[in-house]
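Topology and contacts: notes
Listed below are the residues making up each chain.
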Amino acid sequence: MKNNMKIMGQLSVVLLICVLLGQGMWLYHVREMKLGEFRESANYALLNATYNYLSDECLNVGKNYKLTYSLTKDNRFYWRYDNKKDTIPIKSPDMVDKLGKLIIYDCLCEHGLFDVLRLNKLYIDYLKEKGIVESPVLKVLNVEGKELLSTGNLNKEFSSIITVPVDLGYKYQHQIIAIFELPFIFRALSGILWVELIFMIGFIFCLVWQWCSIRMTMRSARIQTMGMTHLEHKLKKPLATMISVVNGILEGKDSVLCPRDTTKLTMVKARLMKMADITDTMLTSLKTSVLMINREVIDLKFEMEMTTEMFSLIRPYARVGYRIAEGLEYPCLDKIYFNYVVVNLVDNAIKYGGTHPVVKVDFYTIGDNYVLTVEDNGIGIAPKDQKQIFKQFYRVKNQQVTKTTGFGLGLTFVHKVVCAYGGSIRLESELGIGSKFTITIPQ
């Protein structure tokens, strides 16, 4: 089962990464496809605008500079303007029109009549017919790529679109190109690709971090399970032995006990049996993280008397007092768990109360809530430790706490009981002065 879950998790991660990569590749493909369509339309419009412009100019320069071109009988291209003329061998009659445009440009270029601004206006009209509203910048370049004429300052950058060069001139061999600032839609797609890349990197980082965290949690859970198994063995067996010994003394025929000793041993036996039940319940709840509360009317004064008498026997150097508000002698609480909460908090208060610990227990109501407070005059708890003491196996790291036996489970279970009641627990503490635990439980 564990291996299957691990395989399913790995497959899920791989599939998610594949989806992200596939989406990124699809967006990139769409962007390149649309860029190609834009560039193709711009190329076609530039070629048509340039040739139509040269055709129009041919009528103007033809008369002034006697520009003519034609196809001879022996399939040679003949041209003439000013006092210049020449023939060019050609392979196909279809080349006459293209070569004618090149000769027209040569004539315009020699006389400084090539109007790139007029060509730009004509080009914009052709672009609008193709549905392109972006404004171009036309540049005329020589063979070395040096700029000769331009309609703007837009440079060849990564964030621009450049058309395929259109040849100009037979003699001068110039080229004209159009440069567009990258349209918003393409910038947006680029931004989406970058965001997705950053997201994927962050996602992979989170996966690595989460995997490390899960491994640490699983390792910690195994250690805690081993610790609870060890505690179960170390707690249940001594409790069973003590119950058996006390029971043997009480029921023994040869034992001579005074009534007070019999009462004390009976109380010890009852407490040991209750502690055995609490131990089983506590360990089970720590393993399953589930705790069920069964409320009933309890004799709180009797429970408090038993608690104070027990501590007077096992901790004779401590003073434990209690006070119950009038009318609250029989509250509706869980008999086992609530008693454990009181015993655990009082026991901790005595452990860390120094040589003369004094513990005060108060039970009263505020509104519709029961309130239990346990206050001591002990060593106190540092602010940095106050938020940690309810965690499993956590113990405050100071010399006095280290010398005191414990596993760091008592307050964890107290917190679970209070949460099961639907209540809350609050700690007020000052180093060297003492601590006060306040538990609020809905009635």
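The structure displayed is predicted, hence computed values, not measured ones. (Residues numbered from 1 in each chain as written. Predicted model: local features only at pLDDT ≥ 70, side-chain atom pairs only at ≥ 80, totals over all residues. Heavy atoms only, no water.)

Let's talk about the sheet that holds strand 3 (residues 84-89)
Strand-to-strand pairing in sheets goes through backbone hydrogen bonds, with the strands running parallel or antiparallel. Put simply, the rule reads: A strand pair is defined by DSSP finding two or more bridges across the two strands. Elements are defined by DSSP. Helices are runs of H or I of four residues or more, strands are runs of E of two residues or more, and each kind is numbered from the N terminus. A fitted line through C-alpha atoms serves as each axis, taken over the contacting stretch for helices, and the angle formed by two N-to-C directions is quoted from 0 to 180°. Residue contacts follow a heavy-atom distance rule, with two residues in contact if any of their heavy atoms lie within 4.5 Å.
The strand order across the open sheet formed by 3 strands is 1-2-3, and the pairing between neighbours is antiparallel. At either end of the open sheet lies a strand with only one pairing partner, and these are strand 1 (68-71) and strand 3. Averaged over all adjacent pairs, the angle separating strand axes in this sheet is 10 degrees, with direction ignored. Alignment of strand 2 (residues 76-81) against strand 3, held across 6 bridges, turns out to be antiparallel. The residue of strand 3 that forms the bridge with Phe 77 is Ile 88. Together, strand 1, strand 2 and strand 3 form the strand contacts of helix 2 (residues 95-110), whose direction differs from that of strand 2 by roughly 20 degrees.

Considering the pairing of strand 5 (residues 147-150)
With 3 bridges joining them, strand 4 (residues 136-141) and strand 5 adopt antiparallel strand pairing. Paired with Leu 141 across the strands is Glu 147, a residue of strand 5. Turn length for the strand 4-strand 5 hairpin, with the two strands adjacent in sequence and antiparallel, is 5 residues, and the turn residue Gly 145 shows positive phi of about 85 degrees.

Description of the sheet that holds strand 14 (residues 424-430)
If you walk across this open sheet you meet the 5 strands as 10-12-13-15-14, and the pairing is mixed. Of all the strands in the sheet, the pair left with one neighbour each is strand 10 (319-324) and strand 14. On average, adjacent strands in this sheet sit at an angle of 15 degrees to one another, irrespective of strand direction. By the bridge criterion, 6 bridges tie strand 10 to strand 12 (residues 358-366) in an arrangement that is parallel. Looking at the pairing, Arg 323 lines up with Asp 362 of strand 12. Where helix 6 (residues 300-314) meets the sheet, its contacts fall on strand 10, strand 12 and strand 13 (369-376), and the angle it forms with strand 10 comes to roughly 175 degrees. Across the face of the sheet, helix 10 (residues 410-421) comes into contact with strand 14 and strand 15 (434-442) while running at roughly 30 degrees to strand 15.

A word on the packing of aromatic side chains
What counts is decided by this rule: Centres within 6.5 Å make a pair out of two Phe, Tyr or Trp rings, where for Trp the six-membered ring is used; the pair is then stacked when the planes are under 30 degrees apart, edge-to-face when over 60, and tilted otherwise. Exposure is judged per residue with a 1.4 Å probe applied to protein chains only, and the accessible area is read against the type maximum: over 50% gives exposed, under 20% gives buried, and values in between give partly exposed.
Taken as a whole, this structure holds 8 aromatic pairs when the rule is applied. Each ring, one from Phe 338 and one from Phe 363, has its centre 5.9 Å from the other, and the planes form 80 degrees; the classification is edge-to-face. With a gap of 25 residues between them, Phe 338 in helix 7 (residues 335-351) and Phe 363 in strand 12 connect regions that are remote in the sequence. An identical accessibility class is assigned to Phe 338 and Phe 363; each is buried. Each member of the aromatic cluster is reached from another via a ring pair, and the members are Phe 38, Tyr 123 and Phe 180.

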